[in-house]
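Observations on chain architecture
What follows is each chain in one-letter form.
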Amino acid sequence: ALGASAEEWAIDAWMRLPLIACASSFVGTLMNKHAKTPKITGYLLTGVAFGRHGLGALSAAGSRRLWLVDNGCLACIGVAAGSEVVLSEVRKTLRVTMVTIASVACCCWCATFGAFDAIFAQRVEFLQGLTERHVAAVGSLLGTLSLARSPASAMAVINECEASGPYCAHILSTTVLKDVLVVALFAINVELVALSGLDFHNIISDAATMALGGEIASNTTRDVGASAAARRLLVNLKPATQWETSHPITKLLQPIVRVIGAAIAGIIAGVLLGRLLKPTSLAARWKNIRVGCIVCGAAAIFVSSEHLGLEPLLVCVAAGLTAANRKHTNGAHEREELHAAIAIVTPAVNLLFFTLAGASLRLENVYNSIVIAVGLVIVRLLGLYCATAISARILKAPAVSDITGERRKNIEWMGHVTQAGVALGLSRTVAARFPYWGPAFSTLAVSVIVINLFIGPVLFRASIELMNESHSTLNAALERIVATPKRAVEAPATGSPSL
């Protein structure tokens, strides 16, 4: 028993998780208090410290044994993102929101894809020796991922600043609706990459064929093991081979059909989830039971979607959107109950999800990709600046503020920077879908997301203050307005020239 490996003790990771979560919570709170960083940044760093490159308390095998926790957190993040979309509110500013989303999508995707294809791809290790088509596939995923934002972090900054006003409302509605669209677009993008025959199958199939030939030439244990691995490789490559020989219309429709199927499944799941929120339901009588039922229901939706071959995060987003926008007598009450339940579980979900995400990081790849990540962040910031300038011109925004009389500055881009839960969830779905190069891609994506996570909340807070929509700046503005008449009255008495 003393010589048993860590993999033989499935309960070991579950016993360590509560202790690691407590340490992660302490570090996150400490960094938020003294360094003014988001708590989830501390969770990520704690996960790295306890991961395989640190203390080793959460090894790669241990993290895999916690798949239920990871999937449950992803499910709650998806449902929370979908529930933030209130269709009645979106309709009021639909044109402004859609113009902003379209501008950000075009500029950020083109900037990220173009920069990666022209500059950064040659520095990516797992793309060395591959074709331009492979580079384009990875670049398209990074471009789509650059569109993601974080509704949770946006709400956290707005609540922290006690902010309110048209700018905050616009940023929040754009953020939430864009994330719903990004999940759908990313699902289509992943399906296209998976079925396009570009999952490095040419290189892998050559190795697999050689391994299969080795089985015929020799019956040694080593050859048998190699041939078994080759069979697994060829089984995984079967969809790519079928894709190459399929009809062009099938190639075009298959990813779209899968996304539509995920949306339909999400609507059905949302209706079922909404029934748990009805005042007459058994779960509604006790608050804790209701929250537990919602979490378990979201996790069941996620796992079931995976087994059915659907995009699980998209299904959960559609479920949250449906549950929060059911139109009947108790619809508003159900939405409030769903938001209340999500508010209760969100701190724990963020704690567990980001800690496990940090533990799963491959630091050697992060070190190799840090220069690329910084470059992609800068390119994305430039894309956001151009996008908001273009959308302001299209919407014919006034050049001078009606409130302050000052010339308007392009600061809206500062509200679109932060990335967190949804982006990390999408990057990790790539790691699960493409086991040969997905983890390396996920590490590069997480490096970009973490940098945006550091700078995003600071920029958003600064933009709110510049727009005079935070509680502190509103009070200061009111004080200036009240003090101005007094100074005008006192000026003649002191001998100052009147204006």
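Rules used throughout
- Residues numbered from 1 in each chain as written.
- Predicted model: local features only at pLDDT ≥ 70, side-chain atom pairs only at ≥ 80, totals over all residues.
- Heavy atoms only, no water.
- Helix = DSSP H or I, 4+ residues; strand = E, 2+ residues; numbered from the N terminus.
- Contact = heavy atoms within 4.5 Å.
- Areas by Shrake-Rupley, 256 points an atom, 1.4 Å probe, with all protein chains shown as cover.
- Patch = residues over 30% accessible without salt bridge, like charges linked within 9 Å, V, L, I, M, F, W, Y side chains within 5 Å.
- Salt bridge = Lys/Arg side-chain N within 4 Å of Asp/Glu carboxyl O.
- Buried < 20%, exposed > 50% of the residue type's maximum accessible area, 1.4 Å probe, protein only.
- Axes fitted to C-alpha atoms, helices over the stretch in contact; angles between N-to-C directions.
- Parallel < 35°, antiparallel > 145°, perpendicular 65-115°, else oblique.
- Left-handed = near helix turned anticlockwise from the far one by under 90°.
- Nonpolar A, V, L, I, M, F, W, Y, C, P; charged D, E, K, R; others polar.
- Polar contact = N/O pair within 3.5 Å; in protein donor to acceptor, adjacent residues only side chain to side chain.
- Core = buried A, V, L, I, M, F, W, Y, C linked by side-chain atoms within 4.5 Å.
- Phe/Tyr/Trp six-rings, centres within 6.5 Å; stacked < 30°, edge-to-face > 60°.
- Lys NZ or Arg CZ within 6 Å of the ring centre and 35° of its normal.

1. Remarks on the overall build of the protein chain
Within the protein chain one finds 19 helices and zero strands. In the protein chain, once contacts between residues fewer than 6 apart in sequence are set aside, the share between residues at least 24 apart is 80%. Accessible surface, the protein chain as shown: approximately 24800 Å² in total, 65% of it carbon and sulfur.

2. A few points about a nonpolar patch on the surface
On the surface, Leu253, Ile256, Val257, Ile260, Ile264, Ile268 and Leu272 cluster together into a nonpolar patch covering about 640 Å² of accessible area. Checked against the element boundaries, Ile264 lands in helix α12 (residues 248-276). Here Ile264 falls in the partly exposed class, since its relative accessible area comes to 48%.

3. Considerations on the packing of helix α9 (residues 166-195) against helix α14 (residues 312-324)
When two helices pack together, their arrangement is given by the angle between the helix axes and by the axis-to-axis distance. In contact at an axis separation of 9 Å, α9 and α14 are set at 150° when each is read in the N-to-C sense. Here α9 lies roughly antiparallel to α14, going by the angle between them. In this structure, α9 meets α14 at a crossing whose hand is left-handed. When α9 is examined against α14, the residues Val180, Val183, Ala184 and Ala187 are found in contact with a partner set consisting of Leu313, Leu314, Val317 and Leu321. Grouping the constituent residues of the contact of α9 with α14 by class yields eight nonpolar, no polar and no charged.

4. Comments concerning the environment of Cys161
By secondary structure assignment, the location of Cys161 is in helix α8 (residues 151-161). Judged by relative accessible area, which is 10%, Cys161 ranks as buried. When the C-alpha positions of Cys161 and Glu469 are compared, they lie 8.6 Å apart, and in sequence the two are 308 residues distant. Excluding residues within four positions of it along the chain, Cys161 makes contact with Arg461, Ser470 and His471.

5. Some words on the side chain of Ser173
Mapping Ser173 onto the fold places it in helix α9. Using a relative accessible area of 18% as the deciding quantity, one classes Ser173 as buried. Reaching out from Ser173, the side chain makes a polar contact with the backbone oxygen of His170 at a distance of 3.0 Å. The contacts of Ser173, once residues within four sequence positions are left out, are Thr93 and Thr97.

6. Points about the environment of Tyr167
By secondary structure assignment, the location of Tyr167 is in helix α9. For Tyr167, a relative accessible area of 7% puts it in the buried group. For the pair Tyr167 and Met467, spaced 300 residues apart in sequence, the C-alpha separation works out to 7.4 Å. Setting aside its immediate chain neighbours within four residues, Tyr167 contacts Ile411, Glu412, Gly415, Phe460, Ser463, Ile464, Met467 and Glu469.

7. Re the nonpolar core
Proteins that are soluble and globular tend to have nonpolar side chains buried together. If you look at the biggest cluster of nonpolar residues, it comprises 112 residues, and the most contacted ones within it are Phe116, Leu127, Trp437 and Phe441. Residues Val157, Cys161, Cys168 and Ile464 belong to the second largest nonpolar core, which totals 10 residues.

8. Focus: the packing of aromatic side chains
Any pair of aromatic rings gets described here by the distance separating the centres and the angle formed by the planes. Summed over all chains, the structure comprises six aromatic pairs. Here the aromatic rings of Phe353 and Phe354 are separated by 5.3 Å at their centres, their planes lie at 80°, and the arrangement is edge-to-face. On the basis of relative accessibility, which here comes to 0%, the residue Phe353 falls in the buried class. Ring centres of Tyr385 and Trp413 lie 6.3 Å apart, and the angle between their planes is 70°; this geometry places the pair in the edge-to-face category. Here Tyr385, found in helix α16 (residues 363-394), pairs with Trp413, found in the loop between α16 and α17 (421-433); they are 28 residues apart in sequence, far enough to count as distant. Accessibility expressed as a relative area gives 42% for Tyr385, which makes it partly exposed. An aromatic cluster is built from Phe434, Trp437 and Phe441, whose rings are joined through pairwise contacts. Positioned over the ring face of Phe460 is Arg149, at 5.4 Å from the centre of the ring.

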